[in-house]
Amino acid sequence: MLSFLSSFINNIHLKGKKMMEESGIETTPPSTPPPTTAGTSVAGNTTAISTPLPPVLTNPVTLQAPAAGIGSSITFPEEPDDPRVHAAHNEGPSGGIWGFIKGVAGNPMVKSVLDKTKHSVESVITTLDPGMAPYIRSGGEMDIVVTSNKEVKVAAVRDAFQEVFGMAIITGEDGQSNIAPQPVGYAAGLKGAQERIDSLRRSGVIHEKQPALSVENFIAELLPERWFDIGCVIVDDPIHGIRLESFTQATPVPLEYVQQAQNLTPQDYNLRWSGLSVTVGEVLEEIYHMSAD
């Protein structure tokens, strides 16, 4: 009787499977495969026992059990790679149009082209209006005060810094010194340059940490009756602990101009120890006006 029921159930299953195949319906889902029948014989009777088999998966990933001595394994089907995930990882935070722009701007050849274009535009602007040059290169983190309001000194310092560092803010303030208007000798030139910085800090024109540059021109007799004009340059940057002292190249000054400045300076001049009361520049201006008349 049991064998008849088992054969009857199998026939019904086969007919249903055939009808589903003709209808285009998948007959064996991966998770529920058809059961297999194993027979056992008890006292001459055969008993049909249905034992489900585990599903068969394509390309399984096998994870071994962590516990020792356990031989069972867990299988998981492989997920197909999603190209969008790889695109997101490859793109990263610098992807998209901004990443493209940064990548192109970092290219040495492109950077060279951009720099040449920038310099060409600056050349056109400064050719049309030379006065625009200080404004184009003004800016950046470098801010220096020159201890003089004479444009000839401020412009020289501005050109030097902007030529070396590219961009710099250079302004001028009138710093005072307690030495003669025409310093004579290296010691007088160095003292005058330093006092101009100190006077601006004491008066509060510049704060204590403001980087400053001071230029003091003086004359010196380097050879008998041969005088030269020399500039003492001091760079004082308290924030970075920088103090530099240097002297410019010596420019010859005709002896008669120095002698005339000496003659115009009173013998009892109280600052005679540091120099003369009349500068060589004032003598040249006086001579120029006299010759012009």
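Residues numbered from 1 in each chain as written. Predicted model: local features only at pLDDT ≥ 70, side-chain atom pairs only at ≥ 80, totals over all residues. Heavy atoms only, no water.

- As named in an unreviewed UniProt entry, the protein chain is Non-canonical purine NTP phosphatase/PRRC1 domain-containing protein, taken from Hymenochirus boettgeri.
- Under the UniProt heading Subcellular location (unreviewed entry), the note attached to the protein chain is "Golgi apparatus".
- Under the UniProt heading Sequence similarities (unreviewed entry), the note attached to the protein chain is "Belongs to the PRRC1 family." (UniProt positions renumbered as here; feature names shortened; annotations may be inferred.)

## Re the overall build of the protein chain
And step 1. When helices and strands are tallied, the protein chain shows nine helices and twelve strands.
And step 2. For the protein chain, with 293 residues in total, the buried portion stands at 22%.
And step 3. For the protein chain, the exposed surface amounts to about 20,600 Å²; the carbon and sulfur share of it is 60%. (Helix = DSSP H or I, 4+ residues; strand = E, 2+ residues; numbered from the N terminus. Buried < 20%, exposed > 50% of the residue type's maximum accessible area, 1.4 Å probe, protein only. Areas by Shrake-Rupley, 256 points an atom, 1.4 Å probe, with all protein chains shown as cover.)

## Structural notes on the pattern of salt bridges
And step 1. According to the stated counting rule, one finds five salt bridges in the structure shown.
And step 2. Notably, a salt bridge pairs Arg 196 with Glu 216, separated by 2.5 Å at the nearest N-O pair. Placement of Arg 196 in helix 7 (residues 186-202) and of Glu 216 in strand 8 (residues 212-223) is noted, with a sequence separation of 20 residues between them. In terms of burial, Arg 196 and Glu 216 fall into one category: buried. (Salt bridge = Lys/Arg side-chain N within 4 Å of Asp/Glu carboxyl O.)

## Brief notes about the side chain of Ser 177
And step 1. Inspection of the secondary structure assignment puts Ser 177 in the loop between strand 6 (169-172) and strand 7 (182-183).
And step 2. Setting aside chain neighbours within four positions, we find Ser 177 in contact with Gly 192, Glu 195 and Arg 196. (Contact = heavy atoms within 4.5 Å.)

## Thoughts on the packing of aromatic side chains
And step 1. The full count for this structure, using the stated rule, is four aromatic pairs.
And step 2. Centroid distance Phe 161 to Phe 165: 5.8 Å. Interplanar angle 20 degrees. Geometry classified as stacked. Taken together, the positions of Phe 161 and Phe 165, both in helix 6 (residues 151-165) and four residues apart, correspond to about one turn of that helix. (Phe/Tyr/Trp six-rings, centres within 6.5 Å; stacked < 30°, edge-to-face > 60°.)

## Quick notes on unusual backbone geometry
And step 1. A positive phi angle, near 60 degrees, is found at Glu 225, a position not held by glycine.
And step 2. Along the chain, the position of Glu 225 falls in the loop between strand 8 and strand 9 (226-237).

## Details of the confidence of the model for the protein chain
Caution is warranted with low-pLDDT regions, since their predicted coordinates should not be read in detail.
And step 1. Of all residues in the protein chain, 51% attain a pLDDT of 70 or more, and the chain-wide mean is 73.
And step 2. Below a pLDDT of 50 lies the segment residues 85-89, which in the model reaches one contact outside its immediate sequence neighbourhood of four places, other chains included. (pLDDT = per-residue confidence, 0-100.)

## Focus: helix 7
And step 1. The end-to-end C-alpha distance of helix 7 is 24 Å, a good match for the 24 Å that 17 residues give at a rise of 1.5 Å each.
And step 2. Within helix 7, burial applies to Ala 188, Gly 189, Gly 192, Ala 193, Gln 194, Glu 195, Arg 196, Ile 197, Ser 199, Leu 200 and Arg 201.
And step 3. Buried-residue contacts for helix 7 involve strand 7, strand 8, strand 9 and strand 10 (242-247).
And step 4. Of the residues trailing helix 7, Gly 204 is marked for its positive phi of about 80 degrees. (Expected span 1.5 Å × (residues − 1).)

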